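Per-entry structural report
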Amino acid sequence: MTDRIFILLTMAIRTTVAIGTLIILARTLGVADYGFFATVVSYCTIAAVISDFGFPMSALREVGAEPGKAGEVMASCMQAKCMLAICITVCALLLLASTDTRWDERPYVIFIFLAVMLNSFGDLTLITFRASGHFRREASIVTWTSLVHFGLLAAAGYLANDISYVSSAYFMSRLIYAVTSVIALRRITGANPFAWNGFGHVFGRVRDSLPFAVDSALTNVFAQLDVIIVSRVLGFEAAGVYQAGARVVQGIVPFTVALAGVHIPKLARLAKTEEPVLPRHRIQVIGEFLVVGLVLGLVLILLGPIFTKVFLGPSFSEVDALWIGFAVFTTIRFLATSLGVQLVAAGQSYMRAVAIIASGATTVALYVYILPWAGVRAVPWIAAIGMAVMVATYGASLLRFIRKNRRFSAERRTREP
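Residues numbered from 1 in each chain as written. Predicted model: local features only at pLDDT ≥ 70, side-chain atom pairs only at ≥ 80, totals over all residues. Heavy atoms only, no water.

1. Here we look at helix α5 (residues 135-160)
As a reminder, the rule being used: A helix here means a DSSP run of H or I that spans at least four residues, while a strand means a run of E at least two residues long, and both kinds are numbered starting from the N terminus. Residue count minus one, scaled by 1.5 Å, sets the expected span of a helix. Under the scheme applied here, a residue whose accessible area is under 20% of the maximum for its type counts as buried, over 50% as exposed, and between as partly exposed, the area being computed with a 1.4 Å probe on protein chains only.
For α5, spanning 26 residues, the distance from its first C-alpha to its last is 37 Å, which sits close to the expected 38 Å at 1.5 Å a residue. Buried within α5 are the following residues: F135, E138, A139, I141, V142, T145, S146, H149, L153, A154, A156 and G157. Of the residues flanking the end of α5, it is N161, one or two places downstream, whose phi is positive at about 50 degrees.

2. A few points about the packing of α5 against helix α6 (residues 163-189)
So the rule is basically this: Helix axes are fitted only over the stretch in contact, all axes being lines through C-alpha atoms; the angle between N-to-C directions runs from 0 to 180 degrees. Each angle is binned into one of four classes, with values under 35 degrees roughly parallel, values over 145 roughly antiparallel, values of 65 to 115 roughly perpendicular, and all other values oblique. Crossing handedness: left-handed means the near helix sits turned counterclockwise from the far one by under a right angle, and right-handed means the same turn made clockwise. Ten residues, namely Ala, Val, Leu, Ile, Met, Phe, Trp, Tyr, Cys and Pro, are considered nonpolar, four, namely Asp, Glu, Lys and Arg, are considered charged, and the remaining ones, Gly among them, are considered polar.
With their axes 8 Å apart at the nearest point, α5 and α6 run at an angle of 165 degrees to one another. Between α5 and α6, the interaxial angle falls into the category roughly antiparallel. Pair α5 / α6 crosses with right-handed handedness. Taken together, the residues that form the contact of α5 with α6 break down as 16 nonpolar, six polar and three charged.

3. What to know about the pattern of salt bridges
Stated formally: By salt bridge we mean one thing: a side-chain nitrogen of Lys or Arg within 4 Å of a carboxyl oxygen of Asp or Glu.
Under the criterion given, the structure shown has one salt bridge. The partner of D52 in a salt bridge is K81, and the shortest N-O contact between them spans 2.7 Å. Residue D52 is located in helix α1 (residues 2-52), and its partner K81 is located in helix α3 (residues 70-98); the two are separated by 29 residues in the primary sequence. K81 carries the same exposure label as D52, and that label is buried.

4. Comments concerning the packing of aromatic side chains
Rule in force here: Each pair of aromatic rings taken from Phe, Tyr and Trp, with Trp reduced to its six-membered ring, is defined by centres within 6.5 Å and is described as stacked if the planes are under 30 degrees apart, edge-to-face if over 60, and tilted in the remaining cases.
One pass over the full model with this rule turns up nine aromatic pairs. Taking the centre distance of 5.8 Å and the plane angle of 35 degrees together, the rings of Y242 and F326 count as tilted. Within this pair, whereas Y242 is found in helix α8 (residues 236-252), its partner F326 is found in helix α11 (residues 323-345), the two being separated by 84 residues in sequence. A relative accessible area of 3% places Y242 in the buried class.

5. Focus on the nonpolar core
Our working definition: Only buried residues count toward a nonpolar core. Its members are Ala, Val, Leu, Ile, Met, Phe, Trp, Tyr and Cys residues joined through side-chain atoms within 4.5 Å. A contact between two residues is defined here by any heavy atoms of the two lying within 4.5 Å.
Of all hydrophobic cores here, the largest spans 102 residues; its most connected members are F37 and Y242. The element best represented in this core is α1, accounting for 15 residues. Look past the residues within four positions of Y242 in its chain and what remains in contact with it is D226, V227, V230, L322, F326, V376, V379 and P380. Counting nine residues, the second largest nonpolar core, distinct from the first, contains V17, V142, A184 and I188.

Below is the structure:
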């Protein structure tokens, strides 16, 4: 029970700070500039996800199953991620140079890119704390670095009221977060995560993480496409309106990551020891996710309009039409995650990939055909439909896996003397 309390505390702090920074950025930058900022962050997040290459999920599963290997696992993950991050950064700079982005905009685009990349390093590092049960330390790090993040962005927003200062503050706060997380990692594992162990060690990690990389890339790339497509089809103002509400939902989504961080190591340990994952375990996972999703969805419906009026202001009044759709999407997403974590713990990431492709393809197709005439109000409902496709595919895959395991167990028992 204590682990859940600290995990929920950590996520509550992240959510509060995320919503606080949303309010600051939306009020100080305005609808169009905030939409531009959110679009750039979405592009940069896709780059960071590629550099992750599934390492967070792979590390969570391996460290959860064998906590004594935390130092070795994280060293290989961090070194592989560094190599990928360097390659992606070079490609991103070349791509930026080839675009028609104004020269005065390029410096803060670079700052945002580096900030998002550093944030992904910090998040990867904290996986070790969660998988090995150091929930109190994780909560401590997240608390004070989140307060620094909020303070720097608040100062940049209200004192300078300029996107270049905001992007610089964003970079500084994420640098502090990444450095703090790495120092703490060295203390709990007693190993230097950047001590070079040779290309064989790194390539082995990349090979082992490939199934999780496909899963992670598909999940997160499709998750960022909404802002990018809205900005392309409807413009930066519509993207600003949508992202003002979606950012609140994104602040809620880490609760799914938190619950996954509790359940995946336990389910992975059961699989490692060949103990059966009983129906009550599966029902508990689904029940916890679904209850949290329903509660948070209800909160969005009841408090969303108040949030718009009090914090965002009249320029964001169109957000009110989106809250019910966001609530439905949130509930369905939690249900989908409850099924997905069971597939990950069982090592069935390719099954998840099929579900994510089906969901993402449905969502993107509906965006392209519906948004031009339905407008920004349709976005959360389209996302909810895509998530429902994911639930159906996850469910079918999980049932197929359970039945296959039962047959295998029955055959093994009949062969035993």
